Every structure is written in structure tokens, then in C-alpha cells.
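Observations on chain architecture
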Amino acid sequence: MLRSLQASQGPASALLSGRFPALPLLTAPMRGRKSRTDPPAKSKAGRIKVPPPVDPAELLVVRERYRQYGRLMKAIRSVFKQELMQQRYDETFGELGRQRQEAIVKEHQQLMAWNDAENQRLQQRREERLRKEKAEEEQQQLLRAQKEAALLEEFLKEKEGEVLQLQEEAKNFITPDNLDQRIEECLNNPRNYNFAIDKDGRIAKRSVLS
Amino acid sequence: MPMKGRFPIRRTLQYLSQGDVIFKDAVKVMTVNYNTSGALGEGARKFVFFNIPQIQYKNPWLQIVMFKNMTPSPFVKFYLDTGEQVLVDVEEKTNKEIVQHIKKILGKSEETLQKETKEKMKLRHPATFGPRKYHLRECMCEIKGQIPCPGEIPLPKEMRGKYKAAMKENTVSEANSV
């Protein structure tokens, strides 16, 4: 229908369309020569535009009816609005609303209690872990102390041995007292170091003729 | 340079929208204390690295503050608008466990979320016309199969008010004359 309407233009379309079958339109409404901004013609100078005539009785009746209608609509609107406001108020402050809020608060408290329990559990695990770590640390420290003590003992023993050895050697030292005596001894016992020695440290008593 | 950082997937919208923790309206601030080393705080580190962006994306009005190496053990603390502070110990937990725990104690439940989406849908009636902010369409001319906008393509004369009025006047005057 749209395409057919668009195709046919002008007054002829009135005859063809079928919606306005009766009469041809001699002049279609058009703006004409003048645009909006052009002033009206001189012939229209004294033209008084008269509004359409009004029947006063009908007007009164119609006005009264419109007033009643307005009052009715306002009343209906205010009734609905009041209902809505009441509903909204009940949701927050009414019984159901308060129950809902209490339930929410209770649930929150429950969740917080559960969270606290969780925290407690973790806290206990942490304490356990720390205790174990402390015990291990103490044991380690003990072992270290023992090792240290052992080392110290060894060291002391070594040093003591050295001291004793030195003391023993000191008996053979040449002092100013027995200097003369020792010189006499040496001169009286000449020692011959003119001997051969093999790799094992044995002195060669006799040489082998190969 | 399209990819930035060590795990650029964290910056994708798809990854961010997969976060499922939406906090209750009462939660205003979230504080995370974690350590950069230590085997027990590995879950907390992963939580901060992978899950905090998702949480922030889903809760844009939540303030999240993070502290490094301030305490020996990691924890998360929430500050509610009632003044209550909720402490969550996260020392020996994996990041998934942390997310589950947080969701349980302070997240909005499924029913609440569904109710909220329903209420949002109520405000948007798909059959109404009006400004784009509140409606789907502004005018019938936008719909396929309907008459195009008379602003673009002028209506045929038979549909225009002034033509119809002129025709009506014509018929009245002719009827009167006859």
C-alpha cells in the first residue's frame, strides 16, 4: 500500500486510492509563493480572525464534565500513590520488613561466629606450629652446645699433651748448669753419621756387590 | 605492545568478569596484609595477584588497601559501615579457599543478586519508547517494517494531516452545496 501511494502523486491519487472516493480536490494545500517570514498582503489588512462559534449551554456542560473528570482522575491517582507509599513503608518498617531485617542481622552474626571459629582454629594451628618450632630450636641449640663443649675438650686435651711433651723434652735441655757436663759428654762420645739410608729408613749395614 | 606484565590475562575483560564475589553494601573498605616471602603466605600472595583485580572489577566502590611485610602472618580485614571490623586469617589457605571464605561471610547471596537483576529489569519495559537512557527505542520509525521517519522521507499526501483536513473541508462544502 505504501509503495502504491508513493508512486501516485497529485490530486489524481485521491480518485485512485479508494479512501477518498467522492470528490476531486481542485487546489491541494500548499505554502504558495510566500515563505513564513513574508508579511501578509494589503488586502488582508482589515481581516479579523473570528474564532469558531461556541454554544454556551454546551460549553457549560462540557466544562462541568471536564472538571468532574479531572477530580475523578486526581482521586484515582492519589489512591494509587497512597497504596504505593504504604507498600514502600511496610517493606521497611512493617512486620515483614522488620522480620526480614532481623533475619539478615541474625545471618550476619552467624557468619561472623563461623569466621571467628575459623580464625580460632587457625590460631591453634599456628600456636602448635610455633611451639614445635621452638622445641626444635632448643634441641638444636643443645646439640650445638654439646658439640662446642666436645670441641673445647679436644682442644684442651691436645694442648695439655703438647705441654706434657714439652715438659719431658725440657729434661734434656742444655742449661748453663749442665753445659760443661754436656760438652764433656759430647766430646767423649763421638758419633759417626756417615751411613747410607734407604727409602724405608733402614740403615744400610752392608753394601751388596751386584 | 599488546601484552603488559607477567600474566596479561588478568587485564582481560573476560577474566575480570569471571570474578564471582560481590560484597554486601555494608562493606566499605578491604585491607590485605601479606608478605613477599614465606611458604605459608603463598596463598595470600596469589590472592593478591590473581583475585583482587576481579574483586575490584565487581565492586568498583569498594576501597582496597594492601600492605606488604608489616606483620608476620597474612590476614584480610574488612571495615563495615556499622563500624564493625571483620578479621580473616589467611595464613595456610590457598587463594581459592580465601575467595570462598570471603564470599561466604560477606558476599551477596545468589537470591539477592537475582532479586536485584529482576528489579532492574522491572524499571526497563521493553515496549515503551523514549530517551535512549531509559528505553530501547525512541520512535516507531526505528523499527524494521514500519513507516520510515517523515524527517528523512516525506509521508505520502494521503497520510498528512493538512491534506486530510482539506479533503474533509472539501467534502463538507460539496455536501452543503448539493
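Rules used throughout
Residues numbered from 1 in each chain as written. Chains lettered and ligands numbered in written order. Predicted model: local features only at pLDDT ≥ 70, side-chain atom pairs only at ≥ 80, totals over all residues. Heavy atoms only, no water. UniProt positions renumbered as here; feature names shortened; annotations may be inferred. Helix = DSSP H or I, 4+ residues; strand = E, 2+ residues; numbered from the N terminus. Buried < 20%, exposed > 50% of the residue type's maximum accessible area, 1.4 Å probe, protein only. Areas by Shrake-Rupley, 256 points an atom, 1.4 Å probe, with all protein chains shown as cover. Core = buried A, V, L, I, M, F, W, Y, C linked by side-chain atoms within 4.5 Å. Contact = heavy atoms within 4.5 Å. Axes fitted to C-alpha atoms, helices over the stretch in contact; angles between N-to-C directions. Nonpolar A, V, L, I, M, F, W, Y, C, P; charged D, E, K, R; others polar. Patch = residues over 30% accessible without salt bridge, like charges linked within 9 Å, V, L, I, M, F, W, Y side chains within 5 Å. Salt bridge = Lys/Arg side-chain N within 4 Å of Asp/Glu carboxyl O. Lys, Arg positive; Asp, Glu negative; His and termini not counted. Charge placed at Lys NZ, Arg CZ, Asp CG, Glu CD. Parallel < 35°, antiparallel > 145°, perpendicular 65-115°, else oblique. Polar contact = N/O pair within 3.5 Å; in protein donor to acceptor, adjacent residues only side chain to side chain. Pairing = 2+ DSSP bridges. Right-handed = clockwise from strand over helix to strand, strands pointing away.

Naming follows an unreviewed UniProt entry, where chain B appears as Small ribosomal subunit protein mS25 of Eublepharis macularius. Reading the Subcellular location (unreviewed entry) entry of the UniProt record for chain B gives the comment "Mitochondrion". Turning to chain B, the UniProt annotation filed under Sequence similarities (unreviewed entry) states: "Belongs to the mitochondrion-specific ribosomal protein mS25 family."

Looking at an unreviewed UniProt entry, one finds chain A named Small ribosomal subunit protein mS26, with Eublepharis macularius as its source organism. Annotation of chain A in UniProt includes, under Sequence similarities (unreviewed entry), the sentence "Belongs to the mitochondrion-specific ribosomal protein mS26 family." As its UniProt record puts it under Subcellular location (unreviewed entry), chain A is described as follows: "Mitochondrion".

**Points about the overall build of chain A**
Within chain A one finds 5 helices and 0 strands. In chain A, the succession of helices and strands from N to C terminus is α-α-α-α-α. Counting all 210 residues of chain A, 8% fall into the buried class. Summed over all atoms, the accessible surface of chain A reaches about 20,700 Å², with 56% contributed by carbon and sulfur.

**A look at the nonpolar core**
Residues Phe23, Met30, Phe47, Val76 and Phe78 of chain B are the most contacted members of the largest nonpolar core, which totals 26 residues. Elements that contribute at least two residues to this core include exactly α4 (95–170) of chain A together with β1 (27–34), α2 (42–58), β3 (75–80), β4 (85–89) and α3 (95–106) of chain B. Here phenylalanine 23 of chain B is in contact with Met30, Ile55, Asn59, Leu62, Phe78, Ile102, Leu106, Gly107 and Lys108 of chain B, once residues within four sequence places are set aside.

**Describing the packing of helix α3 (residues 56–93) of chain A against α4 of chain A**
The relative placement of two packed helices is expressed as an angle between their axes plus a distance between the axes. All names here are of chain A. Relative orientation of the contacting elements α3 and α4 amounts to 35 degrees, with a least axis distance of 5 Å. Contacts between α3 and α4 pair Asp90, Glu91, Thr92 and Phe93 from the former with Glu95, Gly97, Arg98, Arg100 and Gln101 from the latter. Split into classes, the residues belonging to the contact of α3 with α4 amount to 1 nonpolar, 3 polar and 5 charged.

**So, a positive patch on the surface**
Among the surface-exposed residues, Arg31 and Arg36 of chain A together with Arg160 and Lys162 of chain B lie close enough to one another that they form a single positively charged patch. By the element assignment, arginine 31 of chain A lies in the loop between α2 (12–17) and α3. When its relative accessible area of 60% is taken as the criterion, arginine 31 of chain A is described as exposed.

**Quick look at the packing of α2 of chain B against α3 of chain B**
Residue and element names in this part refer to chain B. For the pair α2 and α3, interaxial distance at closest approach is 8 Å and the crossing angle is 75 degrees. As summarised for this structure, α2 and α3 are arranged roughly perpendicular, according to the angle between their axes. Across from Gly43, Ala44, Lys46, Phe47, Phe50 and Asn51 in α2, the residues of α3 making contact are Asn95, Ile98, Val99 and Ile102. Across the contact of α2 with α3, the residue classes tally to 6 nonpolar, 3 polar and 1 charged.

**Here we look at the side chain of arginine 45 of chain B**
Residue and element names in this part refer to chain B. Relative to the elements of secondary structure, arginine 45 occurs in helix α2. Owing to a relative accessible area of 17%, arginine 45 belongs among the buried residues under this scheme. Looking at arginine 45, its side chain comes within polar contact range of the main-chain oxygen of glycine 38, at 2.7 Å.

**A look at the pairing of β1 of chain B**
A regular strand places its side chains on the two faces of the sheet in alternate fashion. Residue and element names in this part refer to chain B. The buried fraction of β1 amounts to 7 of the 8 residues, a majority that puts the element mostly inside the structure. Summarising the sheet, β1 and β3 pair through 6 bridges and their orientation is antiparallel. For valine 32, the partnering residue across the bridge sits in β3 and is valine 76. Alignment of β1 against strand β2 (residues 63–68), held across 6 bridges, turns out to be parallel. Note on β2: the bridge partner recorded for tyrosine 34 is lysine 68. For the crossover from β1 across α2 to β2, the handedness is right-handed.

**Side note on the pattern of salt bridges**
If you walk through the whole model with that rule in mind, you get 18 salt bridges over all chains. Note that aspartate 89 of chain B is salt-bridged to arginine 126 of chain A, the shortest N-O span being 2.2 Å. Separated into two different chains, aspartate 89 of chain B in strand β4 and arginine 126 of chain A in helix α4 make up a pair that spans both. Taken individually, aspartate 89 of chain B and arginine 126 of chain A each receive the classification buried, so the pair is uniform in this respect. Connected through shared salt-bridge partners, Arg125, Arg126 and Arg129 of chain A together with Asp89, Glu91 and Glu92 of chain B make up one network.

**Describing a negative patch on the surface**
Together, Asp90, Glu91 and Glu95 of chain A together with Glu119 of chain B line one region of the surface with negative charge. Mapped onto the secondary structure, aspartate 90 of chain A falls in helix α3.

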